[in-house]
Amino acid sequence: MKTFITTDFYIQSLLFFLLLMSVIPYFQPFVRDFGIAVYFLIAVVHLISANRKMFSNTYEKSILFLIYYIISMLFIITLFSLAVVDEISVINRFWTIYGRRVMSFAIYGTPVLALIYYLICANDYRRQLKKQNSASDRIHHIN
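Within each chain, residue numbers correspond to sequence positions counted from 1 in written order. Two thresholds apply to this predicted model, a pLDDT of at least 70 for residue-level local features and 80 or more for giving and counting side-chain atom pairs, whereas whole-chain, interface and lining totals are computed over all residues. Where side-chain values are given, they derive from all heavy atoms of the structure, hydrogens and water being excluded.

Caption draft 1: Up close: the packing of aromatic side chains. Each Phe, Tyr or Trp ring (for Trp, its six-membered ring) is paired with any other whose centre lies within 6.5 Å, and the angle between the two planes then decides the class: stacked below 30 degrees, edge-to-face above 60, tilted in between. Per the counting criterion, the structure on display carries 8 aromatic pairs. Taking the centre distance of 5.7 Å and the plane angle of 55° together, the rings of F9 and Y10 count as tilted. On the basis of relative accessibility, which here comes to 48%, the residue Y10 falls in the partly exposed class. Ring geometry for F9 against Y118: centres 6.0 Å apart, planes inclined by 25°, an arrangement best described as stacked. Taken as a pair, F9 in helix α1 (residues 2-23) and Y118 in helix α4 (residues 88-142) lie far apart in primary sequence, 109 residues in all. Within the aromatic cluster, the residues linked to one another by ring pairs are F9, Y10, F16, Y118 and Y125. Exposure classes here rest on a 1.4 Å probe applied to the protein chains alone. A residue is buried below 20% of its type maximum, exposed above 50%, and partly exposed in between. A helix here means a DSSP run of H or I that spans at least four residues, while a strand means a run of E at least two residues long, and both kinds are numbered starting from the N terminus.

Here it is as structure tokens:
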């Protein structure tokens, strides 16, 4: 899990930078077409990373992580359930009633969730570095 936390922090840092580029108006002309791909990439990477952490026995789950996980998984389950439904009329009814709210959450909620997840990963990374430094200090004191 130590290697995963370090790798995950670097990946989340890169994704957060890409997200900032797609949200900041100055950069939007350069990445407008790239913005949808960034949102999708963030969702997929967060899905993999958060599930790995959630189902790991060694990862210490904070309250912020649990709240993030529940909100993001509810959102993803809603979108996947829409994709699974075969009846177009159900999808059309859902879209007319809830679709704009879901898409508004996707557009405005993804940066918020990405920021929260980045902070979670940064905190995990800091905790890991602190543990490594304290372990190395103990080794130096023994020698």
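Caption draft 2: Focus on empty space enclosed by the protein. Here the term cavity refers to a set of points on a 1 Å grid, laid over the protein atoms alone, in which a 1.4 Å probe fits but cannot get out; the term pocket refers to an open set having protein on both sides within 12 Å along at least five of seven lines, with lining residues being those that place an atom within 4 Å of a point. Grid points are joined across faces, edges and corners, and a volume is the space filled by probe spheres set on the points. Per the stated rule, a full pass over the model turns up 1 cavity of 30 Å³ or more. Taken as a whole, the largest cavity encloses approximately 30 Å³ of empty space. The wall of the largest cavity is formed by Q12, L15, F16, H46, A114 and Y118. If you list the elements that add at least two residues to the lining of the largest cavity, you get α1 and α4. When residues of the lining of the largest cavity are assigned to their parent elements, the largest contribution, 3 residues, is made by α1. Amino acid classes used here: Ala, Val, Leu, Ile, Met, Phe, Trp, Tyr, Cys and Pro are nonpolar; Asp, Glu, Lys and Arg are charged; the rest, including Gly, are polar. Residues of the lining of the largest cavity, tallied by class, amount to 4 nonpolar, 2 polar and no charged.

Caption draft 3: Inspection of a nonpolar patch on the surface at higher detail. Each patch is built from residues lacking any salt bridge and having more than 30% relative accessible area; the joining distance is 9 Å for like charges and 5 Å for nonpolar side chains (Val, Leu, Ile, Met, Phe, Trp, Tyr). All accessibility values rest on the Shrake-Rupley procedure with a 1.4 Å probe; residue burial counts only the protein chains present in the view. Salt-bridge detection follows one rule: a side-chain nitrogen of Lys or Arg within 4 Å of a carboxyl oxygen of Asp or Glu. Together, I63, I67, I71 and F105 make up an exposed nonpolar region whose accessible area comes to about 370 Å². For the nonpolar patch, the leading source of residues is helix α3 (residues 63-84), giving 3 residues. Locating I67 in the fold gives a position in helix α3. For I67, a relative accessible area of 45% translates into the label partly exposed.

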